[in-house]
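What follows is the residue order along each chain.
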Amino acid sequence: MTNKKCSRCGRDFVRRVSRAGLPEALLRLFYVYPFKCQLCGHRFRSFQQSVYYSGAEEDRREYDRLEVKFPVTFSGEKVSGEGMLIIISMDGCSFATSAELEVGMIVKLQLHISGAVAPVTVDAAVVRNVQIGSVGVEFLRWQETERERLQHFIRGLLIGRGAESSLHP
Ligand SMILES: [Zn+2]
């Protein structure tokens, strides 16, 4: 996680991206890293003193998109509301809602994965696409603990579904 601001749009939804080719590898020796803005896609290099990123941190654990059905609530500057999740992955989700969300809006999400535990909070997600009755969002920023909670939950779903299909072939 980084607090850098995008040099084009000025927002701080910036993620470090993996280096490409030898020049980046050399720059890395001087703590210069490539970054990408998750909102506008702007790529830039920046100096980051005394931070060494390990290769493991660059790895993004990918999961299948899972069909789910549990409630989600969201709130942003102009809009708030609730919906029902349709698909979830570790990168984002889509949900059915009657609220009028627009592409580019940033919302805070609460994923109500279970009535027994607190909802998983995503501090910032950007609306990537809007269709009739449903929207797709990409997760931009959340606490590592929340990320781990969702990861655990998704793993449980995957294992549960594997067990179900072996019980009922
Ligand atoms: Zn930007």
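For the structure, check the block above.
Residues numbered from 1 in each chain as written. Predicted model: local features only at pLDDT ≥ 70, side-chain atom pairs only at ≥ 80, totals over all residues. Heavy atoms only, no water.

## Description of the overall build of the chain
- Across its full length, the chain holds three helices and 10 strands.
- In the chain, the order of α-helices and β-strands from amino to carboxyl end is β-α-β-β-α-β-β-β-β-β-β-β-α.
- Split into buried and exposed, the 169 residues of the chain put 37% on the buried side.
- Expressed as a percentage of contacts within the chain between residues at least 6 apart in sequence, the contacts between residues at least 24 apart total 48%.
- Working note: accessible area of the chain is about 10300 Å², and carbon and sulfur atoms make up 52% of it. (Helix = DSSP H or I, 4+ residues; strand = E, 2+ residues; numbered from the N terminus. Buried < 20%, exposed > 50% of the residue type's maximum accessible area, 1.4 Å probe, protein only. Contact = heavy atoms within 4.5 Å. Areas by Shrake-Rupley, 256 points an atom, 1.4 Å probe, with all protein chains shown as cover.)

## A closer look at the coordination of the zinc ion
- Taken together, Cys-6 (SG), Cys-9 (SG), Cys-37 (SG) and Cys-40 (SG) make up the protein donors of the zinc ion, found 2.3 to 2.4 Å from the metal.
- Coordination at the zinc ion is tetrahedral: its four donor atoms span angles of 104 to 120° at the metal.
- Look at where the donors of the zinc ion fall in the sequence and you get C-x2-C-x27-C-x2-C. Highlighted residues: Cys-9 in the segment before strand E1 (14-16) and Cys-37 in strand E2 (residues 32-37), separated in sequence by 28 residues.
- Residue Cys-9 is classed as partly exposed on the basis of its relative accessible area of 35%. (Donors = N, O, S within 2.8 Å, 3.2 Å for Na, K, Ca; no water. Tetrahedral: all angles 85-135°; square planar, octahedral: opposite > 155°, others 65-115°.)

## Quick look at the nonpolar core
- With 28 residues, the main nonpolar core has Ile-88, Phe-95, Leu-109, Leu-111, Phe-139 and Leu-150 as its most contacted residues.
- Contributing elements (two or more residues each) for this core: strand E5 (71-76), strand E6 (80-88), strand E7 (92-96), strand E8 (106-111), strand E9 (120-131), strand E10 (134-141) and helix H3 (144-167).
- Here this core takes four residues from E9, the largest share from any one element.
- In contact with Phe-95, other than residues within four places in its own chain, are Val-72, Phe-74, Gly-83, Met-84, Leu-85, Ile-86, Leu-101, Leu-109, Gly-133, Ser-134, Val-135 and Val-137.
- Val-14, Tyr-33, Phe-35 and Phe-44 belong to the second largest nonpolar core, which has six residues in total. (Core = buried A, V, L, I, M, F, W, Y, C linked by side-chain atoms within 4.5 Å.)

## Comments concerning the side chain of Ser-94
- If you trace the backbone, Ser-94 turns up in strand E7.
- Aside from chain neighbours lying at most four places away, what touches Ser-94 is Leu-85, Ile-86, Ile-87, Val-135 and Gly-136.

## A few points about the layout of surface pockets
- Its volume calculated, the second largest pocket comes out at about 220 Å³.
- Lining the second largest pocket, in full, are Arg-11, Ser-75, Gly-76, Glu-77, Lys-78, Val-79, Glu-102, Val-103, Gly-104, Met-105, Ile-106 and Val-107.
- Of the residues that constitute the lining of the second largest pocket, the class distribution is five nonpolar, three polar and four charged. (1 Å grid on protein atoms, 1.4 Å probe; cavity = no way out; pocket = protein on both sides within 12 Å on 5 of 7 lines; lining within 4 Å. Points joined across faces, edges and corners; volume = space filled by probe spheres on them. Nonpolar A, V, L, I, M, F, W, Y, C, P; charged D, E, K, R; others polar.)

## Describing the pattern of salt bridges
- The tally for this structure, following the rule as stated, stands at three salt bridges.
- Across the pair Asp-12 and Arg-141 runs a salt bridge, and its minimum N-O distance is 3.1 Å. Highlighted residues: Asp-12 in the segment before E1 and Arg-141 in strand E10, separated in sequence by 129 residues.
- Owing to a relative accessible area of 27%, Asp-12 belongs among the partly exposed residues under this scheme. (Salt bridge = Lys/Arg side-chain N within 4 Å of Asp/Glu carboxyl O.)

## What to know about the sheet that holds E2
- The three strands lie next to each other as E1-E2-E3, forming an open sheet whose pairing is antiparallel. Lying at the two open borders of the sheet, with one neighbouring strand each, are E1 and strand E3 (43-47). Direction aside, the axes of adjacent strands within the sheet are offset by 40° on average.
- Of the strand pairs in this sheet, E2 and E3 are connected by five bridges, and their pairing is antiparallel. The partner of Pro-34 across the bridge, within E3, is Arg-45. (Pairing = 2+ DSSP bridges. Axes fitted to C-alpha atoms, helices over the stretch in contact; angles between N-to-C directions.)

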